[in-house]
Amino acid sequence: MGKKKHSDGKTVRVHDRDFRLYISEQKIRKSISSMAEAIEQAYGELNPILLPVLNGSFIFAADLVRELSMNFELAFIKAQSYDAFHSTGDISERIGLELDIRGRHVLLIEDIIDTGNTMAWMLKKLAEKQPASLDIATLLFKPEAYLHDFPIRFVGMEIPDAFVVGYGLDYDGHGRNLKAIYQVC
Ligand code: IMP
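Throughout, residues of each chain are indexed from 1 in the direction in which the sequence is written. A pLDDT threshold of at least 70 governs which residues receive local features in this predicted model, and a stricter bar of 80 or more applies before side-chain atom pairs are shown or counted, although totals over entire chains, interfaces and linings include all residues. Hydrogens are left out, water is left out, and the side-chain values use all remaining heavy atoms of the structure.

**Focus on the overall build of the protein chain**
- Secondary structure is summarised from DSSP: a helix means a run of H or I of at least four residues, a strand means a run of E of at least two, and numbering begins at the N terminus for each. Broken down by element type, the protein chain carries 4 helices and 11 strands.
- Here's how the labels work: a residue is buried when its accessible area is under 20% of the maximum for its type, exposed when over 50%, partly exposed in between, all with a 1.4 Å probe on protein chains only. Taking all 185 residues of the protein chain together, 44% fall into the buried category.
- The contact rule is simple, with two residues in contact once any of their heavy atoms fall within 4.5 Å. Contacts in the protein chain between residues at least 24 apart in sequence constitute 69% of all its contacts with a sequence separation of at least 6.
- For every accessible area listed, the method is Shrake-Rupley and the probe measures 1.4 Å; residues are considered covered only by the protein chains on display. Summing over all exposed atoms, the protein chain offers an accessible surface of approximately 9700 Å²; the carbon and sulfur share of this is 47%.

Right, dumping it as structure tokens:
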């Protein structure tokens with residue numbers, strides 16, 4: 001997997017770079033559990049559609065939904081590359097959204113919001129489908145890198161503008177399987 005543990009366990013080599021332990025498994029769990037509580041309070045009986053944004057959010061989403069006891073439906077969407085931002089076409093074809101979200105409460109689930117470009121594009125496309133509400137839950141948020149002003153309703157942790165890997169987040173396709181989150185050295 002391109003991941004090799006150093007002897008101290010606090011740093012790992014992923015692909016061709018060293019990363020140091022930044023957010024422990026325990027801290028991730030705590031953050032997810034308080035976010036789940038806030039989500040339950042916000043949605044109650046509304047039976048929202050939860051929409052994890054692939055690929056990075058698959059582990060976060062899997063842990064988050066297991067903390068929820070409310071009713072919800074789940075569907076996945078796939079983020080496009082920056083190149084794809086400029087192409088045209090129907091989002092349902094390009095990101096594989098099969099559920100009808102019109103009139104439904106939708107919560108996008110993202111691993112990290114950095115510049116916010118991906119999410120801005122996603123929000124615009126989904127808003128055209130007229131959901132009753134459209135909000136975002138992200139595990140990580142980099143305020144210093146953020147270039148937009150759309151509100152992010154649920155934020156797990158704010159982090160500085162430095163590259164991180166692990167817990168679903170990859171570095172050049174590597175490191176998604178790390179259980180904690182590591183920051184580049
Ligand atoms: P954006 O800049 O908010 O559009 O972020 C786009 C995507 O880049 C995110 O959904 C992540 O997949 C990825 N990304 C941004 N920052 C990081 C990072 O620090 N580590 C790994 N992936 C990142």
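**With respect to the site of the ligand**
- The full set close to the ligand counts 16 residues, and Thr115, Gly116, Thr118, Lys142 and Val164 are the nearest of them.
- Backbone polar atom of asparagine 117 to an oxygen atom of the ligand: 3.4 Å apart, as the coordinates give it.
- Out of a free accessible area of 480 Å², the ligand has 83% covered by protein chains.
- Sorting the residues of the shell around the ligand by element identifies strand E7 (105-113) and helix H4 (117-127) as the ones contributing at least two each.
- The greatest single-element share of the shell around the ligand, amounting to 4 residues, is contributed by E7.
- In terms of residue class, the shell around the ligand is built from 7 nonpolar, 4 polar and 5 charged. The rule for a residue being near a molecule or strand is that one of its heavy atoms must lie within 4 Å of it. Identification of polar contacts relies on pairs of N or O atoms within 3.5 Å, with a donor-acceptor requirement for protein atoms, meaning one able to donate a hydrogen and the other able to accept it, and with residues adjacent in sequence counted only if both atoms are side-chain atoms. When residues are sorted by character, Ala, Val, Leu, Ile, Met, Phe, Trp, Tyr, Cys and Pro go into the nonpolar class, Asp, Glu, Lys and Arg into the charged class, and all the rest, Gly among them, into the polar class.

**A short note on the pattern of salt bridges**
- When a carboxyl oxygen of Asp or Glu lies within 4 Å of a side-chain nitrogen of Lys or Arg, that pair is called a salt bridge. Here the structure, examined in full by the defined rule, presents 6 salt bridges.
- Aspartate 114 is the salt-bridge partner of lysine 142, the closest N and O atoms lying 4.0 Å from each other. One end of the pair, lysine 142, is in the loop between strand E8 (133-141) and strand E9 (154-158); the other, aspartate 114, is in the loop between E7 and H4, and 28 residues separate them in sequence.
- Taking the relative accessible area as the measure of exposure, lysine 142 reaches 4% and is therefore buried.

**Describing the packing of aromatic side chains**
- Here a pair means two rings of Phe, Tyr or Trp (six-membered ring of Trp) with centres within 6.5 Å. Their orientation is stacked below 30 degrees between planes, edge-to-face above 60, and tilted elsewhere. Per the stated rule, a full pass over the model turns up 6 aromatic pairs.
- Residues phenylalanine 19 and phenylalanine 163 carry aromatic rings whose centres are separated by 6.5 Å and whose planes lie at 55° to one another, so their mutual orientation is tilted. Pair noted here: phenylalanine 19 is in strand E3 (residues 17-23) and phenylalanine 163 is in the loop between E9 and strand E10 (164-165), with a separation of 144 residues, a long-range link.
- Relative to tyrosine 171, the ring of phenylalanine 19 lies with its centre 5.7 Å away and its plane at 55°, an arrangement referred to as tilted. Placement of phenylalanine 19 in strand E3 and of tyrosine 171 in the loop between E10 and strand E11 (181-184) is noted, with a sequence separation of 152 residues between them. The pair formed by phenylalanine 19 and tyrosine 171 is uniform in burial state, with each residue classed as buried.

**Side note on the confidence of the model for the protein chain**
- In this model, the protein chain carries a mean pLDDT of 89, and residues with pLDDT of at least 70 account for 85%.
- Confidence per residue, as judged by the predictor, is encoded in pLDDT with a range of 0 to 100. Segment residues 82-93 is flagged for pLDDT under 50; beyond a separation of four residues in sequence, or across chains, it makes 18 contacts in the model.

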